[in-house]
Amino acid sequence: MSLDGTYDDGNIFAKILRGEMPAARVFEDEHVYAFMDVFPQGRGHTLVIPKHSTARNFLDEEPERVAVLFQGVQRVAKAVRAAFNPDGLTIMQFNGAPAGQTVYHLHVHIIPRWEGVPLGRHAGGAMADMDELKDLAEQIAAKIS
Ligand code: 5GP
């Protein structure tokens, strides 16, 4: 998938937003939905997506929606930090397959990092246990302010 193209509402995140696929929900407000990545690159790997968007990637998004998306990302990132007390946080976002993008609904990754622990494989590691993800999601949700 290149940078250009048409939004496909059959993508997995659109299905999660419509409630057609399960997800370990962390948080949602009027603008964003946050949930646990099912192939986490680290413990607590969380995704934040815009709820009312047909942007496949960052370049597609309406400029005024970028601000509310990143306000949501910051809010969730602070909660991830408060929940797990990591040494660092990787916040990343991929655009187009050559850049590593695999799901074509705009999203931002928040990954807690610990000294000496390398980042796990992107979108290709082991699938996490849903009960474990729900527990992590609850820990983050409890710290949303
Ligand atoms: P991208 O590669 O597009 O930047 O990120 C897509 C992310 O979605 C990957 O980190 C991948 O692990 C995650 N992912 C893929 N399928 C699912 C799914 O069905 N549920 C959840 N929660 N995450 C998914």
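Look a little higher up for the structure.
Residues numbered from 1 in each chain as written. Predicted model: local features only at pLDDT ≥ 70, side-chain atom pairs only at ≥ 80, totals over all residues. Heavy atoms only, no water.

Q: When you look at the environment of Leu136 in this model, what are you seeing that I'm missing?
A: Structurally, Leu136 is set in helix α3 (residues 130-141). Leu136 sits in the buried class, given a relative accessible area of 7%. Sequence separation between Leu136 and Arg81 is 55 residues; the distance between their C-alpha atoms is 12 Å. Residues contacting Leu136, with those up to four places away along its chain left out, are Met36, Arg43, Gly44 and Phe84. (Helix = DSSP H or I, 4+ residues; strand = E, 2+ residues; numbered from the N terminus. Buried < 20%, exposed > 50% of the residue type's maximum accessible area, 1.4 Å probe, protein only. Contact = heavy atoms within 4.5 Å.)

Q: I'm lost on the nonpolar core in this one. Help?
A: One broad trend across soluble globular proteins is that nonpolar side chains are buried collectively. By size, the foremost hydrophobic cluster in this structure holds 25 residues, and its most contacted members are Met36, Val48, Val76 and Ile140. Only β1 (25-28), β2 (32-36), α2 (63-84), β5 (108-113) and α3 provide two or more residues apiece to this core. The leading source of residues in this core is α2, at 8 residues. Excluding its chain neighbours within four sequence positions, the residues that come into contact with Val48 are Val32, Tyr33, Ala34, Leu69, Gly72, Val73, Val76, Leu106, His107, Val108 and Ile110. (Core = buried A, V, L, I, M, F, W, Y, C linked by side-chain atoms within 4.5 Å.)

Q: Mind showing me how you'd approach the sheet that holds β1 here?
A: Think of a sheet as strands paired side by side through backbone hydrogen bonds, with each pair either parallel or antiparallel. Reading across the sheet, the 5 strands line up as β1-β2-β3-β5-β4 and stay open at both edges, with antiparallel pairing between neighbours. Each end of this open sheet is capped by a strand with a single partner; those strands are β1 and β4 (88-92). If you compare each strand with its neighbour and ignore which way they point, the axes differ by 20 degrees on average. The pairing of strand β3 (residues 46-50) with β5 spans 3 bridges and is classified as antiparallel. Residue pairing in the sheet places Val48 in a bridge with Val108 of β5. This element, α2, spans β1, β2, β3, β4 and β5 of the sheet and lies at about 20 degrees to β5. (Pairing = 2+ DSSP bridges. Axes fitted to C-alpha atoms, helices over the stretch in contact; angles between N-to-C directions.)

Q: In this structure, what is going on with the site of the ligand? I would like to understand it.
A: Not every one of the 18 residues close to the ligand is listed here, only the nearest: Asp37, Thr102, His107, His109 and His122. Contacts to the ligand include His107, whose side-chain N or O atom sits 2.9 Å from an oxygen atom. Protein contacts shield 91% of the accessible area of the ligand, which totals 510 Å² for the unbound molecule. Put simply, the parts of the chain that give the shell around the ligand at least two residues each are α1 (12-17) and β2. (Near = heavy atom within 4 Å. Polar contact = N/O pair within 3.5 Å; in protein donor to acceptor, adjacent residues only side chain to side chain. Areas by Shrake-Rupley, 256 points an atom, 1.4 Å probe, with all protein chains shown as cover.)

Q: When you look at the packing of α2 against α3 in this model, what are you seeing that I'm missing?
A: For any two helices packed against each other, the geometry is given by the interaxial angle and the distance between the axes. Between α2 and α3, the least distance of the axes is 8 Å, while the angle of their chain directions is 105 degrees. On the basis of the axis angle, α2 is roughly perpendicular to α3. From α2, Val76, Ala79, Val80, Ala83 and Phe84 reach across to α3, where they touch Leu136, Gln139 and Ile140. Taken together, the residues of the contact of α2 with α3 break down into 7 nonpolar, 1 polar and no charged. (Parallel < 35°, antiparallel > 145°, perpendicular 65-115°, else oblique. Nonpolar A, V, L, I, M, F, W, Y, C, P; charged D, E, K, R; others polar.)

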